Amino acid sequence: MDNSQGSGGMKGGIGGLFGGGEYSNSELAGVPLTGMSPLSPYLNVDPRYLVQDTDEFILPTGANKTRGRFELAFFTIGGSCIIGAAFGAVNGLRVSLKETRDLGWSKPRNVQILNMVTRQGASWANSLGSVALLYSVFGVAIEKARGAEDDINTVAAGTLTGMLFKSSTGGLRGVARGGLAGFALSGAYALYSNWDHLKGSSPSPSSRLY
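Residues numbered from 1 in each chain as written. Predicted model: local features only at pLDDT ≥ 70, side-chain atom pairs only at ≥ 80, totals over all residues. Heavy atoms only, no water.

Chemist: Can you help me understand helix α5 (residues 151-165) in this one?
Modeler: A turn of α-helix holds 3.6 residues, and therefore any two residues three or four places apart point the same way. For α5, built from 15 residues, the straight-helix expectation of 21 Å at 1.5 Å per residue is met to within 8% by its first-to-last C-alpha distance of 21 Å. Taken together, the buried positions of α5 are occupied by Asn153, Thr154, Val155, Ala157, Gly158, Thr159, Thr161 and Gly162. Contact partners of the buried residues in α5: α3 (69-99), α4 (107-146) and α6 (171-193). (Helix = DSSP H or I, 4+ residues; strand = E, 2+ residues; numbered from the N terminus. Expected span 1.5 Å × (residues − 1). Buried < 20%, exposed > 50% of the residue type's maximum accessible area, 1.4 Å probe, protein only. Contact = heavy atoms within 4.5 Å.)

Chemist: It is not clear to me how the side chain of Arg69 should be interpreted in this structure. Could you clarify?
Modeler: For Arg69, the position within the fold is in helix α3. A distance of 2.8 Å separates the side chain of Arg69 from the side chain of Glu149, its partner in a polar contact. (Polar contact = N/O pair within 3.5 Å; in protein donor to acceptor, adjacent residues only side chain to side chain.)

Chemist: Would you mind showing me how to read the environment of Met116 here?
Modeler: If you trace the backbone, Met116 turns up in helix α4. Exposure remark for Met116: the relative accessible area of 13% places this residue in the buried category. Separated by 23 residues in sequence, Met116 and Leu93 have C-alpha atoms that sit 6.9 Å apart. Setting aside its immediate chain neighbours within four residues, Met116 contacts Gly92, Ser96 and Glu99.

Chemist: Hey, could you run me through the pattern of salt bridges in this one?
Modeler: Close approach of charged atoms allows side chains with opposite charge to pair. Taken as a whole, this structure holds two salt bridges when the rule is applied. One salt bridge connects Arg146 with Asp150, and the closest N-O pair in it is separated by 2.9 Å. The class for Arg146 is partly exposed, based on a relative accessible area of 39%. (Salt bridge = Lys/Arg side-chain N within 4 Å of Asp/Glu carboxyl O.)

Chemist: Quick question: what am I supposed to make of the environment of Ser186 here?
Modeler: In this fold, Ser186 is placed in helix α6. Within the structure, the side chain of Ser186 is placed 2.7 Å from the backbone oxygen of Gly182, a separation counted as a polar contact.

Chemist: What's the story with a nonpolar patch on the surface in this structure? I'm lost.
Modeler: A contiguous nonpolar surface patch, about 370 Å² in accessible area, is contributed by Ile83, Phe87, Trp124 and Leu128. Mapped onto the secondary structure, Leu128 falls in helix α4. (Patch = residues over 30% accessible without salt bridge, like charges linked within 9 Å, V, L, I, M, F, W, Y side chains within 5 Å. Areas by Shrake-Rupley, 256 points an atom, 1.4 Å probe, with all protein chains shown as cover.)

Written out as structure tokens, the structure is:
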């Protein structure tokens, strides 16, 4: 008898330190537990304090919930380099296997295949990385100059990137072709990113990449 009373007093004392006594099933029945598993009635914590009705992250004052162009620039440049290297390696492997098929499987052929894969991978990675770098720089500069972030920045950055990328090899005609290609690609991307809005539904801000 004394042991049971002592253990009950200890439980009550410990429970008082963490928010009071135990809760009955009737009291817990009215507590909203949306997205949570049922709590044990022996947990001496008020379940109402565990319900999350707001965002679980804190943003600085004036910060947006989506990433800006500057934050996405690193992802864009790195991803473009990786994609270019992978595509160039596959293309180099295809070309080298075609050009060295008369040599048979030998050491000279393996060396030629390795050189072609390495050279093509580096070339494509450099090209796509340069395009991504130019696009990111133009995008950030236009955003800072206009003080706004919209599809106009995307199309303008794509057009200027195409013009500058082809200016060193194609002359005025190359600049025009590059600008037209950049305008078409960036315009197609802007149309794709706003497709849900054009259909009448609101797009998710977190899924948009400028």
